[in-house]
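# Overview (structure and organization)
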Amino acid sequence: MSTLKFHWFLPTNGGDGRQVVGGGHGVEAGASGRPASVPYLGQIARSAEQLGFEAALTPTGTWCEDAWISTAMLSTLTERLKFLVAFRPGLTAPYLAAQMAGTFQNLSGGRLLLNVVTGGESHEQRMFGDFEDKDARYERCEEFLRVVRALWAGERVNHAGRYFRLEDAVLAQLPDPLPEIYFGGSSPAALDVAARHADVYLTWGEPPAAVAEKVARVRALAAEHGRRPRFGIRLHTIARDTSAEAWAEADRLLAAIGEEDIARVQAGLRRSESEGQRRMLELNSGSKDGLEIHPGLWAGVGLVRGGAGTAMVGSHAEIADLVEEYAAAGIEEFVLSAYPHLEGAYWFGEGVLPELARRGLWEHPAPAGRVTSAVPFGAGTRAAS
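Residue positions within a chain follow its written sequence, with the count starting from 1. Residues qualify for local features only when their pLDDT is at least 70, as the model is predicted, and side-chain atom pairs are given and counted only at 80 or more; totals for whole chains, interfaces and linings, by contrast, use all residues. To get the side-chain values, all heavy atoms of the structure are used, and hydrogens and water are removed first.

## Some remarks on the nonpolar core
Side-chain atoms within 4.5 Å link the members of a nonpolar core, which is a set of buried Ala, Val, Leu, Ile, Met, Phe, Trp, Tyr and Cys residues. Only protein chains enter the area calculation, which uses a 1.4 Å probe; residues under 20% of their type maximum are buried, those over 50% are exposed, and those in between are partly exposed. Counting residues in each nonpolar core, the largest one holds 78 residues, and the members touching the most others are F6 and F334. Helix and strand definitions follow DSSP, with helices as H or I runs of at least four residues and strands as E runs of at least two, each counted in order from the N terminus. A total of ten residues in this core trace back to one element, the largest contributor, which is helix α5 (residues 134-152). Here F334 is in contact with L4, K5, F6, H7, I233, L235, V323, Y326 and A327, once residues within four sequence places are set aside. Any two residues having at least one pair of non-hydrogen atoms within 4.5 Å are treated as being in contact.

Take a look at the structure:
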């Protein structure tokens, strides 16, 4: 089994807190105790970097701070951490998007990854001035990525397609290295685009057997185009020293979720056009009962949060076991988060990552620095005469 990669999350979608911050996918974000300020997000980013996470995902949507601007500001506060910037193709012209990505990549020292999000909610897309339906958005996305990849390759592009037209277009500055494309989606249209363009296919946290089935499907489709993408998964985590402590924390989060909030958010999420969101809703059934849907996999987050709705819960060793299950299903990269994100990064980074390192499944991406030994207070001082 190869070495795995782990990424963290920057909560620009309504902020952070000691409870689940709900909302997303067209549903208004819930209250948070920690606004998404540059100082606080910078704390999370620097901690993730120090702990050994490769990158940090920054989401996109009407309920989020803009991902490009947020990460550009935060990149100056970090040295190695990459930024997995979520963006929506079609809301930005292909040439401008290719240029923006090149600028970010070159000025940050190669620390840009791109999470391509087609947009699963038509009513939200219309707020951006986009009135295409879901199938057309995926078709447009495929055309967009073809053009952008040609520009990144240094080609002079003359293109007249259904959605975009470019004449004599060439980038003066090429990104080095090329940003990798992360892409998710569960519908047939999404899987087709992923097969053609994804460097990393992302799925939300379904049980390992369902994930293995999806990995096999995308792998087979990609093979038809002569491609071999990697696979990643988006999950929350509740990691503690013991299983009892972890499940007590899950119970605490669940107790703070009101039935009225569940009904309101679930009603909003059921209007979603996203196949992945529909699958998340099936896992929790809108009820506080029966939320452990696989040993160590808890669907409580999805009661009030759109998008990724499941969490790995348990002791550090138990979560490492579940990580191994996902790795056996074909997952190589993990995009993780917790409530709160700052403390959660330490619980996972100081508990689970060392356990995975002992198993030979992870290694810190940064060179090992000099370690200063702890010195007992007063050691080496002369005794009073």
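Here the narrative resumes, following the displayed structure.
## Section: the confidence of the model for the protein
Atomic detail in the predicted coordinates should be set aside for any region of low pLDDT. Here the protein shows a mean pLDDT of 91. Residues at 70 or above account for 93%. The quantity known as pLDDT measures the predictor's confidence residue by residue, on a range of 0 to 100. Counted against residues more than four places away or in other chains, residues 381-385, with its pLDDT under 50, gives zero contacts.

## Let's talk about the state of the cysteines
Think of a disulfide as a covalent bridge from one cysteine sulfur atom to another cysteine sulfur atom. Sulfur atoms of two cysteines make up a disulfide when they are within 2.5 Å. Counted according to the given criterion, the structure contains zero disulfides. There is no disulfide at C64, and the cysteine sulfur nearest it, in C141, is 18 Å away. Judged by its relative accessible area of 1%, C141 falls in the buried class.

## Brief notes about the packing of aromatic side chains
Two aromatic rings, taken as a pair, are described by how far apart their centres are and by the angle between their planes. Here a pair means two rings of Phe, Tyr or Trp (six-membered ring of Trp) with centres within 6.5 Å. Their orientation is stacked below 30 degrees between planes, edge-to-face above 60, and tilted elsewhere. Across all of its chains, the model carries ten aromatic pairs by this definition. Ring centres of F87 and F144 lie 5.9 Å apart, and the angle between their planes is 50°; on these two criteria the pair is classed as tilted. Of this pair, F87 sits in strand β3 (residues 82-87) while F144 sits in helix α5, and the two are 57 residues apart along the sequence. Note on F144: relative accessible area 1%, which makes it buried. Ring pairing ties together the aromatic residues F6, W8, F53, F334 and F348, which thus form one cluster. Sitting above the plane of the F9 ring, R234 keeps its charged end 4.5 Å from the centroid. A positively charged side chain is recorded as over a ring if its NZ (Lys) or CZ (Arg) lies within 6 Å of the ring centre. The angle to the ring normal must also be within 35 degrees.

## Quick look at the environment of L221
Of note, L221 is situated in helix α7 (residues 208-223). By relative accessible area, which is 27% here, L221 ends up partly exposed. Taking the C-alpha atoms as reference points, L221 and G344, 123 residues apart in sequence, are found 36 Å from one another. When sequence neighbours within four positions are dropped, the list of residues in contact with L221 reads L191 and A195.

## Section: the pairing of strand β8 (residues 200-204)
Of all five residues that make up β8, four are buried, and the element is covered over most of its length. In the sheet, strand β7 (residues 180-184) pairs with β8 via three bridges, with the strands oriented parallel. Each bridged residue has a counterpart across the sheet, and for G184 the counterpart in β8 is L202. Note on handedness: a crossover is taken as right-handed if, strands pointing away from the viewer, the path from the first strand over the helix to the second is clockwise. Between β7 and its parallel partner β8, the chain crosses via helix α6 (residues 188-197), and the hand of that crossover is right-handed. Strands were regarded as paired on the criterion that DSSP finds at least two bridges between them. Note: β8 against strand β9 (residues 230-240), five bridges, orientation parallel. From the neighbouring strand, W204 faces β9, where its bridge partner is R234. Where the polypeptide runs from β8 across α7 and back to β9, its parallel neighbour, the crossover connection is right-handed.

## What about the packing of helix α2 (residues 67-75) against helix α3 (residues 94-108)?
Relative to each other, α2 and α3 sit at 15°, their axes nearing to 11 Å. One element, α2, and the other, α3, form an angle in the roughly parallel class. Judged by the sense of rotation from one axis to the other, the crossing of α2 with α3 is left-handed. Taken together, the residues of α3 that come into contact with α2 (itself represented by W68, T71 and A72) are M100, A101 and F104. Gly is put with the polar residues, along with every residue not named as nonpolar or charged; the nonpolar set is Ala, Val, Leu, Ile, Met, Phe, Trp, Tyr, Cys and Pro, and the charged set is Asp, Glu, Lys and Arg. Tallied by class, residues from the contact of α2 with α3 come to five nonpolar, one polar and no charged. Orientation is described by axes fitted as lines to C-alpha atoms, over the contacting stretch for helices, and by angles from 0 to 180 degrees between their N-to-C directions. Reported orientations rely on four angle classes, namely roughly parallel under 35 degrees, roughly antiparallel over 145, roughly perpendicular from 65 to 115, and oblique for the rest. Here a crossing is taken to be left-handed if its near helix is turned anticlockwise relative to the far helix by less than a right angle, and right-handed if that turn runs clockwise.

## Quick look at the pattern of salt bridges
What makes a salt bridge here is a side-chain nitrogen of Lys or Arg within 4 Å of a carboxyl oxygen of Asp or Glu, nothing more. Applying the stated criterion across every chain yields a total of 21 salt bridges. Measuring nitrogen to oxygen at the nearest pair gives 3.0 Å for the salt bridge that ties E180 to R230. In this pair, E180 is assigned in strand β7 and R230 in strand β9, connecting sequence segments 50 residues apart. We classify R230 as partly exposed; its relative accessible area is 21%. In this structure, E249 engages R240 in a salt bridge whose closest nitrogen and oxygen atoms are separated by 3.8 Å. For E249, a relative accessible area of 13% translates into the label buried.

## A word on helix α9 (residues 259-269)
Looking only at α9, the buried set comprises I262, V265, Q266, G268 and L269. What you see down the axis of α9 is that its buried residues fit within an arc of 160°, all on one side. α9 presents E259 and E260 as exposed residues on the side facing more than 90 degrees away from its buried surface. Looking at the buried side of α9, the elements it contacts are α10 (275-284). Directions pointing from the helix axis toward each C-beta atom define the arc.

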